[in-house]
Amino acid sequence: MQLGGYANRMAHVDLTAGTVEIKPIPEDWARKYIGARGLGVRYVFANGPGVDALSPENVLCFMNGPLTGTAANMSGRLAVVTKSPLTGTVTDSHQGGWSAARLRWAGFDGLIITGRAKSPVYLHIEDGRVEIKDAAEVWGRSVHATVRHFQDVHGKQDLSVNAIGPAGENLVRFAAWMNEDDRAAGRGGTGCVGGSKNLKAIVVRAKKKFPTPADVDAFKVAQRTALATIMDTGNITSPRKGGLSVYGTNVLMNITNTMGGLPTRNSQTTAFGDRAELLSGEHVKETILVNDPTCHACPVACKKEVEITEGPYAGLRMESVEYEPAWAVGANCDNADIGSVAKMIDMANDFGFDAIEVGDVLSAYMEATQRGYAAEKGDAGLAWGDVPAMIATIEKIVARDGIGDVLANGVAATAEHFDHPEIGMHCKGQGIPAYDPRGLKGMGLGYATSNRGGCHLRAYTPASELGLIALKSDPLAWEGKGELTKVFQDLHAFSDSLDLCKFSAFAMGAEEYAAQYSAILGIPFGIADVMQTGERIYNLERHYNNLAGFGAGSDKLPQRFLEEPSTLGGSKGHVCELDAMLTEYYAARGWEDGVVPDAKLAELEVL
């Protein structure tokens, strides 16, 4: 392959046969789908949409992009791509830290893993080699214990460890991959796929070795320009000045609460009142913040390490009290105790599961209890805000013990178990994140049309609706959200394929992305190319889902958001006008009720 920026080495690992084969990337795939998310989806598509997600035939991809491991700022992201055991859709989940950069420095653009090992194994990667090694000694251990074990065995210096915990081993359908910095590839159950393959960990040792851009001078200019946007004090990314840097993602808690966009008590209300402050980034900074760690090549330092100094969780030091999980086990579950929130997020990190999904599962269980549905099943249930019981229930989920065996299958399965699917706040089987569509209409459309189920990151319209970027829109207006959502989806599909942190979009845009990509590869590439490539990736994902059974009419929201008006905050009286937005959106996409026509696939050169 003649493109710069790539190692052009993919490790194809067959765990059943116990073999590793190094292959180049098909150049046509690289040009069309870039890397990370896009290229990973192409490998998953080639494997076939009819595969059982937990069968040996499913493919599990760990993918870098062409900017990974370079000096490009915010380029420390790793994409884990597979067919989801939670949703049945294609899914990609990204983690920060240093694991992606070290995989690139070790000589690889990605790992393509199939099969199932006869007994627990891990992959050891160093100096351009991939070895399959025995992991029986760490099977059953938590993520943190597994990381410490491999640091003892291989040395801590220049080492990254990606591992599943007991949740992945026990096939909790929202299990995650976690690395040594507690960065999660959290959504979609990628860790569950790892567990189904008896793959415990991926251990990478590599010293820093920046890839050489094809056009060194152009890359320096592009990198400096992009950095200037990040540093601009008018952007929330500005180090030590912008809200994202100062307070982390949890800067949003008070904002969404005030505007009536914070789902509370399983989305029965849209605000948490004065109690939201106790979960906020401002409160965390004032009371328990102890450090601001960061990822490869990132000056923003949005991660917030905390230490609990009093109460039953005194002595706990962990990262990070992010907005989404703080909401999930906080306001969503009627819990305002920040110490317990930190504890449960740490449990998610250590057991290895998605903290968003577990919050949606717990809140659905709580509403089932509130309405008597649990009692009808002979279940004692779970009361709102009962922290000790929440912690005990999480332990049951991880062990698949009792009611935990039901809850471990996700929020959709939980609601179905209680014969009331309407209490499951999910889209396509994946629980919603921390934005109520009655207060942020574009986010409702984003949830419904996400290709990986309920997700805020496919199209982060709150950047516009909360006024965090120059392109601002009214969060309570539905008009224009179809085109806005498409633009965000296409732009994010491209940046996820570079692979740059999603927060780069608070400062950078298509122009900065195009300049860095063009320079690293040494090819002409402009804004229009960025948007067309992102559109191609998004349509490939949707085509995969169409073939996997998600046909016309699959883009839905929970009825609660459509029929039960908000009673609190700035969104009082509002519902989400999904049907009107879908009409706009499908017109902008050229889709037919959520299905990609062959003509559109041909136009984008997907087929």
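Figured I'd write up the structure that's included with this text. What you are looking at is a predicted structure, and each value in this text was computed from that prediction instead of being measured.

**As for the packing of helix H20 (residues 481-498) against helix H21 (residues 510-521)**
Running from N to C, H20 and H21 point in directions that differ by 30°, and their axes come no closer than 11 Å. As H20 runs across H21, the sense of the crossing is left-handed. Note on element contacts: H21 touches H20 through Ala 510, Tyr 513 and Tyr 517, opposite Leu 491, Phe 494, Ser 495 and Leu 498.

**Overview of the nonpolar core**
Grouped together as the largest cluster of nonpolar side chains are 155 residues, with contacts concentrated most on Tyr 43, Met 63, Val 321, Phe 506 and Tyr 517. Here this core gets nine residues from one element, more than from any other, and that element is helix H13 (residues 355-370). Beyond its immediate chain neighbours, meaning those up to four positions away, Phe 506 contacts Asn 235, Ile 236, Thr 237, Leu 244, Tyr 460, Ala 463, Leu 468 and Ile 469. Counting 28 residues, the second-largest nonpolar core is a separate cluster that includes Phe 62, Val 80, Trp 105 and Ile 202.

**A closer look at unusual backbone geometry**
Cis peptide bonds are those with omega within 30 degrees of zero, and the linkage from Glu 319 to Ser 320 qualifies with 10°. Relative to the helices and strands, Ser 320 resides in the loop between strand E15 (317-319) and helix H11 (323-328). Here the residue pair Leu 498 and Asp 499 is connected by a cis peptide bond, since its omega of 5° sits within 30 degrees of zero. On the secondary structure map, Asp 499 appears in the loop between H20 and H21.

**Here's the deal with the sheet that holds strand E6 (residues 110-114)**
Pairing is mixed in the open sheet, where six strands are placed in the order E2-E1-E6-E3-E4-E5. In the strand order of this sheet, the two ends are held by strand E2 (19-23) and strand E5 (90-95), each with one partner. For this sheet, the mean inter-axis angle between neighbouring strands, taken without regard to orientation, is 15°. In terms of strand pairing, strand E3 (residues 60-63) meets strand E4 (residues 78-83) through three bridges, oriented antiparallel. Note that in E4 the partner of Phe 62 across the bridge is Val 80. In this fold helix H2 (residues 36-47) packs onto strand E1 (10-14), E3, E4, E5 and E6, with an angle of close to 25° to the strand it touches most, E4.

**Concerning the packing of aromatic side chains**
Overall, the coordinates contain 16 aromatic pairs when judged by the stated rule. Between Phe 174 and Phe 353, the aromatic rings sit 6.3 Å apart at their centres with planes inclined by 90°, giving edge-to-face as the arrangement. Highlighted residues: Phe 174 in the loop between helix H5 (166-169) and strand E10 (177-179) and Phe 353 in the loop between helix H12 (338-351) and H13, separated in sequence by 179 residues. Its relative accessible area of 0% is what places Phe 174 among the buried residues. Their ring planes at 70° and their centres at 4.6 Å tell us that Tyr 517 and Phe 525 sit as a pair that is edge-to-face. Like Tyr 517, the residue Phe 525 is buried in the burial classification. One aromatic cluster in this structure is built from Tyr 323, Tyr 435, Tyr 460, Phe 503 and Phe 506.

**A short note on the side chain of Lys 428**
For Lys 428, the location among the structural elements is in the loop between strand E16 (426-427) and strand E17 (430-431). Engagement of the side chain of Lys 428 in a polar contact is seen with the backbone oxygen of Ala 448, the distance being 2.6 Å. Polar contacts involving the side chain of Lys 428 include one to the side chain of Asp 555, which spans 2.8 Å. When residues no more than four places from it in sequence are discounted, the contact partners of Lys 428 are Thr 87, Thr 89, Ala 448, Thr 449, Ser 450, Gly 453, Arg 542, Phe 550, Ser 554 and Asp 555.

**Quick word on the pairing of strand E12 (residues 199-205)**
Burial runs high along E12: seven of the seven residues are buried. Note that strand E7 (residues 121-126) and E12 share six bridges and pair parallel. Bridging across to E12, Glu 126 finds its partner in Arg 205. Of the pairings in the sheet, the one linking strand E9 (residues 159-163) to E12 comprises five bridges and is antiparallel in character. By the bridge assignment, Ser 160 is partnered in E12 with Val 204.

Parameters and conventions
- Residues numbered from 1 in each chain as written.
- Predicted model: local features only at pLDDT ≥ 70, side-chain atom pairs only at ≥ 80, totals over all residues.
- Heavy atoms only, no water.
- Axes fitted to C-alpha atoms, helices over the stretch in contact; angles between N-to-C directions.
- Helix = DSSP H or I, 4+ residues; strand = E, 2+ residues; numbered from the N terminus.
- Left-handed = near helix turned anticlockwise from the far one by under 90°.
- Contact = heavy atoms within 4.5 Å.
- Core = buried A, V, L, I, M, F, W, Y, C linked by side-chain atoms within 4.5 Å.
- Buried < 20%, exposed > 50% of the residue type's maximum accessible area, 1.4 Å probe, protein only.
- Pairing = 2+ DSSP bridges.
- Phe/Tyr/Trp six-rings, centres within 6.5 Å; stacked < 30°, edge-to-face > 60°.
- Polar contact = N/O pair within 3.5 Å; in protein donor to acceptor, adjacent residues only side chain to side chain.

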